[in-house]
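# Close look at the chain arrangement
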Amino acid sequence: MKNRLIQFVLLAAVSAGSASCLGDMDIIQKSKITTSNMWLDEGDATGALYGMYHQFRATFQTAMIYWGDYRAGTFTNGAGGSGSADKMFNNALDSSETKGTNWGSSYTTINNANLILRHVPDIAFSDENQKNLILANAHFVRAYTYYNIVRVWGDAPLLLEGFESSDNDLQPSRSDAAQIYEQVARDIDDALRLMPASAADCTIATRSAVQMLKADYNLWLYQTREGGDDALTAADEALAEVFKDSRLDLIGSYADIFDITKKNNAEIILTLHFGQGEYEGGYAETYLIPQTRFHSASEHIETHVKLMTANDQRFIFSPSLVELLYKDERDTRTPVSYGDWTDEEEGYRYTWVNKFAGKWADNKRYFISDLPLYRYAEALLFKAEIENERGNVPTALTYLNRVAKRAYGIDNYYTASDYHSFKESLMTEYLKEFAGEGKSWWNYIRLGYAFTKIESLRGRQNETNILLWPITTACMNENPNIRQTVGYN
């Protein structure tokens, strides 16, 4: 079994390098991993499941922050920033940008899911629930990945068959975004149809994780694609199922959500898992401060050892987000999300992003914080959003204030009395609750604030596809059938 898992992880790594822009899907290359020796039994299928999630994690560990935060005005350059993300920060993207503009890793993830859906149905299992779990997760991963692709690029290639060798001539063109949205819906339905109720591992999809994606997807349709009442109802029904899951709840301490000794707590619905000696990473290594930048004496360094990393601090929360985080001193989320320390002896002020910092041990930083994709607090805020859209502000407040009470320790923190004032409060909570978690960009767009609250987008609502992303030039060079996103050069 272990050897099979290594094979599938190797396949993910090989395909990540060879399918960079869908120009040449030479996934197998000279490897001896073939259809005949990969898909023999249920052990192989289970290995494929974890190989798929290995690639899924590799895809989203940085993409989630590029796509979900860096264009939203919530980040800027850190103390050692080189300006490498300025085009994202300033919404000045073009085809020369390499961060977040190459969809190759996303399509490698999709190909891994496609291969499972192609081969696993033909494998005999001693337990059909295990087979269904694997198939349901493949549908989920494909749905989640396409959902991000279509929100990032709009029109994009729609690939539903698994490719395993260079014999396939694969140079697809972009399909209409509507087709991709339809496929996401089909995969969500198939994942729910197949997913066993017993699935409970939050590092892979469960029924509640699929329901969260369904709620997310349908809220997006309702708010941005004229999905109408049917989409709002579908989102609400999905959340009702999440709330029925007895394993999940809003835990009492915000800090505990991100405590590496309390992983997989009741708050977590789906997460990207990182472990020491297994797989480390994420993006927090660019948020902390290397020891070489400390002005302080050694005893102060020891006191603030949690700041240390081997890499320079490239990115930090923007002044506007920091101001929001510090707006109410009762907010217990602020020190969890953000750090601020002034060395009085040296007169130097240090700031850093606290979330996902892993641990410091043996004079080394280990980036082993899990990165949550869906949390219970988001389910509550989604529900609040739905109730506000239905004109039920008092009901919406009950859900919003559940999240706020944990943060501020008081009842009825928000008292909005109308649709617009409530939506302002909701956006504030989305920003504070999920600071640095790759959510702000999507929330600004979904709630209709992108052109009023993101400084670099003010007055630009008439620019073609300004909320989409360009494709990097490398992708177009490798595949002549790929055209640039309309509105970009």
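Residues numbered from 1 in each chain as written. Predicted model: local features only at pLDDT ≥ 70, side-chain atom pairs only at ≥ 80, totals over all residues. Heavy atoms only, no water.

Per an unreviewed UniProt entry, the protein chain goes by SusD family protein and derives from Alistipes timonensis JC136. A UniProt comment under Subcellular location (unreviewed entry) is attached to the protein chain, and it reads "Cell outer membrane". (UniProt positions renumbered as here; feature names shortened; annotations may be inferred.)

This next bit is on the overall build of the protein chain. Across its full length, the protein chain carries 19 helices and 10 strands. For the protein chain, the residues scored as buried account for 60% of the 489 residues in total. Pairs at least 24 residues apart make up 71% of the contacts formed inside the protein chain by residues separated by at least 6 positions. With an accessible surface of roughly 19,200 Å², the protein chain has 46% of that area assigned to carbon and sulfur atoms. (Helix = DSSP H or I, 4+ residues; strand = E, 2+ residues; numbered from the N terminus. Buried < 20%, exposed > 50% of the residue type's maximum accessible area, 1.4 Å probe, protein only. Contact = heavy atoms within 4.5 Å. Areas by Shrake-Rupley, 256 points an atom, 1.4 Å probe, with all protein chains shown as cover.)

Relative to strand 7 (residues 348-353), strand 6 (residues 338-343) runs antiparallel, the two sharing 6 bridges. Note on strand 7: the bridge partner recorded for Asp343 is Tyr348. (Pairing = 2+ DSSP bridges.)

To continue, consider the packing of helix 8 (residues 207-224) against helix 9 (residues 228-243). One way to put it is that helix 8 packs onto helix 9 with a least axis distance of 8 Å and a crossing angle of 160°. It follows that helix 8 is roughly antiparallel to helix 9 by the angle criterion. For the crossing formed where helix 8 meets helix 9, the hand is left-handed. Within the contact between the two elements, helix 8 uses Ser208, Gln211, Met212, Lys214, Ala215, Asn218, Leu219, Leu221 and Tyr222 and helix 9 uses Gly228, Asp229, Ala231, Leu232, Ala234, Ala235, Ala238, Leu239, Glu241 and Val242. Its residues placed into classes, the contact of helix 8 with helix 9 shows 12 nonpolar, 4 polar and 3 charged. (Axes fitted to C-alpha atoms, helices over the stretch in contact; angles between N-to-C directions. Parallel < 35°, antiparallel > 145°, perpendicular 65-115°, else oblique. Left-handed = near helix turned anticlockwise from the far one by under 90°. Nonpolar A, V, L, I, M, F, W, Y, C, P; charged D, E, K, R; others polar.)

Next up on the list: the packing of aromatic side chains. Tallied over the entire structure, the rule returns 32 aromatic pairs. Ring centres of Tyr144 and Tyr374 lie 6.2 Å apart, and the angle between their planes is 90°; on these two criteria the pair is classed as edge-to-face. One end of the pair, Tyr144, is in helix 6 (residues 128-153); the other, Tyr374, is in strand 10 (residues 371-375), with 230 residues separating them in the sequence. For Tyr144, a relative accessible area of 8% corresponds to the buried category. On the accessibility criterion, Tyr374 (1% relative accessible area) is buried. Of note, Arg57 hangs over the ring of Tyr279, and the distance from its end group to the ring centre comes to 3.8 Å. Over the aromatic face of Trp469 sits the side chain of Arg71, whose NZ or CZ is 5.4 Å from the ring centroid. (Phe/Tyr/Trp six-rings, centres within 6.5 Å; stacked < 30°, edge-to-face > 60°. Lys NZ or Arg CZ within 6 Å of the ring centre and 35° of its normal.)

Our next topic: the side chain of Gln211. In this fold, Gln211 is placed in helix 8. Its relative accessible area of 6% is what places Gln211 among the buried residues. Non-local contacts of Gln211, meaning those with residues more than four positions away in its chain, are made with Leu192, Ala238, Glu241 and Val242.

What follows covers unusual backbone geometry. Non-glycine residue Glu226 carries a positive phi angle of around 55°. Take Glu226: it is sitting in the loop between helix 8 and helix 9. Even without being a glycine, Asn264 presents a positive backbone phi close to 60°. Looking at the element boundaries, Asn264 is found in the loop between helix 10 (254-257) and strand 2 (268-272).

Turning to the packing of helix 14 (residues 376-389) against helix 15 (residues 393-408), a few remarks are in order. Between helix 14 and helix 15, the least distance of the axes is 7 Å, while the angle of their chain directions is 155°. Our classification of the angle between helix 14 and helix 15 gives roughly antiparallel. Helix 15 is crossed by helix 14, and the crossing has left-handed handedness. Packed against helix 14, whose contacting residues are Tyr376, Ala377, Leu380, Leu381, Lys383, Ala384, Glu387 and Asn388, the element helix 15 presents Val393, Thr395, Ala396, Tyr399, Leu400, Arg402, Val403 and Arg406 at the interface.

Moving on: the confidence of the model for the protein chain. The pLDDT averaged across the protein chain works out to 90; a share of 89% of its residues lies at or above 70. Contacts from residues 1-20, a stretch scored under 50 in pLDDT, to residues over four places away or in other chains number 51 contacts. Every residue in residues 24-33 scores below 50 in pLDDT, and together they form 28 contacts with partners more than four places removed in sequence or on other chains. (pLDDT = per-residue confidence, 0-100.)

What follows covers the nonpolar core. Judged by nonpolar contacts, the single largest core of 158 residues is most densely connected at Tyr70 and Phe140. If you tally residues by element for this core, the top one is helix 6, at 15 residues. Two domains share this core, each providing at least three of its residues, namely domain 1 (42-168 + 177-272 + 466-478) and domain 2 (377-455). Not counting the four nearest positions on each side in its chain, Phe140 is found in contact with Tyr53, Ala191, Ala205, Ala209, Val210, Leu213 and Leu270. (Core = buried A, V, L, I, M, F, W, Y, C linked by side-chain atoms within 4.5 Å. Domains from an automatic or database assignment.)

Glancing now at helix 15. If you look at helix 15, its biggest bend is around 30°, right at Asn401. Each element contacted by the buried residues of helix 15 is listed here: helix 9, helix 10, strand 10, helix 14 and helix 16 (419-433). Two residues or fewer past helix 15, Gly409 is found with a positive phi of approximately 75°. (Bend = angle between axes of the 7 residues up to and from the residue.)

Moving on: the pairing of strand 10. Among the 5 residues of strand 10, 5 are classified as buried, and the element is accordingly described as predominantly covered. When strand 2 meets strand 10, the two strands line up antiparallel, connected through 4 bridges. Directly across from Thr271, in strand 10, lies its bridge partner Pro372.

Moving on: helix 7 (residues 177-194). Under the 1.5 Å per step criterion, the end-to-end length of helix 7 is 26 Å for 18 residues, consistent within 8% with the ideal 26 Å. The set of residues buried in helix 7 consists of Ala177, Ile180, Tyr181, Gln183, Val184, Asp187, Ile188, Ala191, Leu192 and Leu194. Contacts made by the buried residues of helix 7 are with helix 6 and helix 8. (Expected span 1.5 Å × (residues − 1).)

This part takes up the environment of Thr206. Mapped onto the elements of the fold, Thr206 is located in the loop between helix 7 and helix 8. Linking Thr206 and Leu133, residues 73 residues apart in sequence, is a C-alpha distance of 8.5 Å. Excluding residues within four positions of it along the chain, Thr206 makes contact with Met195, Ala199, Ala200, Asp201, Arg247 and Ile269.

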